[in-house]
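Each chain is listed here by its residues.
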Amino acid sequence: MITAFGGASMDGSAYRDVVGLAGRSPGWLDTAVSAWSTYGLALFAVLMVVGWWRARRTGAERTVTALAVPVVAVLAYGVDSLLKLLVRESRPCLTLHVRTLEACPAPGDWSFPSNHTVIAAACAVALLSVSRGLGAVAVAAALAMGASRVWVGVHYPHDVVAGILVGGLVAHGLMTLVRRRTGTLVRLLTATPLRPLLPAS
């Protein structure tokens with residue numbers, strides 16, 4: 001039997017307060033937050049496409065930076081998945097037995113850090129390297145994503161804070177490497193089937 005870490009002692013009371021507030025809130029608000037929590041990551045995909053499309057007008061090196069954003073998001077998700085297996089924190093809705101807006105994930109679907117928040121934060125930080133405007137929108141959306149995961153009841157606040165830190169730090173480190181190697185990456189991509197994604201020379 002797998003022993004899971006319980007994070008209720010850290011901020012379980014704050015979690016109960018948020019979930020309780022969600023339970024007392026208007027139905028339209030809960031519906032909107034639940035929809036964002038479930039489908040909001042699609043916005044980051046749209047922002048990545050827009051960032052790539054705009055970057056094509058400014059040169060191959062900026063385009064490579066934009067193309068790195070989804071790769072960074074995937075790698076951040078990989079780091080998050082590893083941390084989940086190492087920490088093995090039970091979902092708060094299982095530990096505290098509260099009524100939540102979203103169905104509680106099954107045992108073994110670990111809580112720490114928040115997958116959604118890691119991906120959103122990684123996209124936001126990476127997009128800041130492509131466009132300040134798109135990055136600012138993504139940062140606001142990432143914070144909203146993190147908050148929504150607590151609101152619907154599937155994460156503790158500390159899961160979300162950890163998700164922001166993990167996603168942000170992984171993205172910052174990887175995008176720093178990308179910016180230092182853009183010339184090399186352009187040459188590598190030019191010799192692959194991904195060449196059409198770069199601007200015409």
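Here the structure is a predicted model, which means the values were calculated and not measured.

*Asks:* Explain the overall build of the protein chain here, please?
*Replies:* In terms of regular secondary structure, the protein chain is built from nine helices and zero strands. For the protein chain, the N- to C-terminal ordering of α and β elements is α-α-α-α-α-α-α-α-α. Within the protein chain, the proportion of its 201 residues that are buried is 43%. Nonlocal contacts in the protein chain, meaning residues at least 24 apart in sequence, comprise 79% of its contacts between residues at least 6 apart.

*Asks:* Could you clarify how one ought to interpret the packing of helix α2 (residues 27-39) against helix α7 (residues 132-151) in this entry?
*Replies:* When two helices pack together, you describe them by how their axes are tilted relative to each other and by the distance separating the axes. Relative to each other, α2 and α7 sit at 115°, their axes nearing to 9 Å. Judged by the angle between their axes, α2 and α7 are roughly perpendicular. The crossing of α2 and α7 is left-handed. Within the contact between the two elements, α2 uses Leu-29, Asp-30, Val-33, Trp-36 and Ser-37 and α7 uses Ala-141, Ala-144, Met-145, Ser-148, Arg-149 and Trp-151. For the contact of α2 with α7, the per-class residue count stands at seven nonpolar, two polar and two charged.

*Asks:* Is there a simple way to explain the state of the cysteines in this structure?
*Replies:* Working definition of a disulfide: a covalent bond connecting the sulfur atoms of two cysteines. If you walk through the whole model with that rule in mind, you get one disulfide. Across the disulfide, Cys-93 is cross-linked to Cys-104 (sulfur-sulfur distance 2.1 Å). Across the disulfide from Cys-93 to Cys-104, rotation about the S-S bond amounts to roughly 80°, and the bridge is consequently right-handed. Of this pair, Cys-93 sits in helix α5 (residues 92-95) while Cys-104 sits in the loop between α5 and α6 (115-128), and the two are 11 residues apart along the sequence.

*Asks:* How do you make sense of the nonpolar core when you look at a structure like this?
*Replies:* Side chains that are nonpolar tend, in soluble globular proteins, to be buried together. Ranked by size, the top nonpolar core spans 29 residues in total, and within it Phe-44, Val-69, Ala-126, Leu-127, Ala-138 and Met-175 carry the most contacts. Taken together, the elements giving at least two residues each to this core come down to α3 (41-55), α4 (60-87), α6, α7 and α8 (157-180). At seven residues, α6 tops the list of elements feeding residues into this core. Apart from residues no more than four positions distant in its own chain, Ala-126 is found in contact with Val-69, Val-72, Ala-171 and Met-175. Core analysis: the second largest hydrophobic core is formed by eight residues, Tyr-15, Val-19, Cys-93 and Val-160 among them.

*Asks:* Any chance you could explain the packing of aromatic side chains here in plain terms?
*Replies:* Each aromatic ring pair is specified by the distance between its two centres and by the angle formed by the two planes. Taken as a whole and assessed by the stated rule, the structure comprises two aromatic pairs. Ring geometry for Trp-52 and Trp-53: centres 5.7 Å apart, planes at 65°, overall edge-to-face. Taking the relative accessible area as the measure of exposure, Trp-53 reaches 48% and is therefore partly exposed.

*Asks:* When you look at the environment of Val-79 in this model, what are you seeing that I'm missing?
*Replies:* Inspection of the secondary structure assignment puts Val-79 in helix α4. With 82 residues separating them along the chain, Val-79 and Val-161 place their C-alpha atoms 15 Å apart. Sequence-distant contacts of Val-79, defined by excluding residues within four places in its chain, comprise Val-166 and Val-170.

*Asks:* Could you clarify how one ought to interpret the side chain of Ser-114 in this entry?
*Replies:* If you trace the backbone, Ser-114 turns up in the loop between α5 and α6. For Ser-114, a relative accessible area of 0% puts it in the buried group. Within the structure, the side chain of Ser-114 is placed 2.8 Å from the side chain of Thr-117, a separation counted as a polar contact.

*Asks:* How should the environment of Thr-65 be read in this particular structure?
*Replies:* Within the secondary structure layout, Thr-65 lies in helix α4. Under the relative-accessibility criterion, Thr-65 is labelled buried at 5%. C-alpha of Thr-65 to C-alpha of Arg-179: the two residues are 114 residues apart in sequence and 6.8 Å apart in space.

*Asks:* Please explain the pattern of salt bridges as it appears in this structure.
*Replies:* Side chains that carry opposite charge are capable of pairing whenever their charged atoms lie near each other. Applying the stated criterion to the full structure yields two salt bridges. Residues Asp-109 and Arg-91 are paired through a salt bridge, measuring 2.9 Å at the closest nitrogen-oxygen approach. Pair noted here: Asp-109 is in the loop between α5 and α6 and Arg-91 is in the loop between α4 and α5, with a separation of 18 residues, a long-range link. Given a relative accessible area of 34%, Asp-109 falls into the partly exposed group. With its nearest N and O atoms 3.6 Å apart, the salt bridge here joins Arg-149 to Glu-102. Taken together, the residues span a long stretch of sequence, with Arg-149 in helix α7 and Glu-102 in the loop between α5 and α6 at a distance of 47 residues. Judged by relative accessible area, Arg-149 falls into the buried class, the value being 5%.

Analysis parameters
Residues numbered from 1 in each chain as written. Predicted model: local features only at pLDDT ≥ 70, side-chain atom pairs only at ≥ 80, totals over all residues. Heavy atoms only, no water. Helix = DSSP H or I, 4+ residues; strand = E, 2+ residues; numbered from the N terminus. Buried < 20%, exposed > 50% of the residue type's maximum accessible area, 1.4 Å probe, protein only. Contact = heavy atoms within 4.5 Å. Axes fitted to C-alpha atoms, helices over the stretch in contact; angles between N-to-C directions. Parallel < 35°, antiparallel > 145°, perpendicular 65-115°, else oblique. Left-handed = near helix turned anticlockwise from the far one by under 90°. Nonpolar A, V, L, I, M, F, W, Y, C, P; charged D, E, K, R; others polar. Disulfide = S-S within 2.5 Å. Core = buried A, V, L, I, M, F, W, Y, C linked by side-chain atoms within 4.5 Å. Phe/Tyr/Trp six-rings, centres within 6.5 Å; stacked < 30°, edge-to-face > 60°. Polar contact = N/O pair within 3.5 Å; in protein donor to acceptor, adjacent residues only side chain to side chain. Salt bridge = Lys/Arg side-chain N within 4 Å of Asp/Glu carboxyl O.

Structural measurements only, silent on function.
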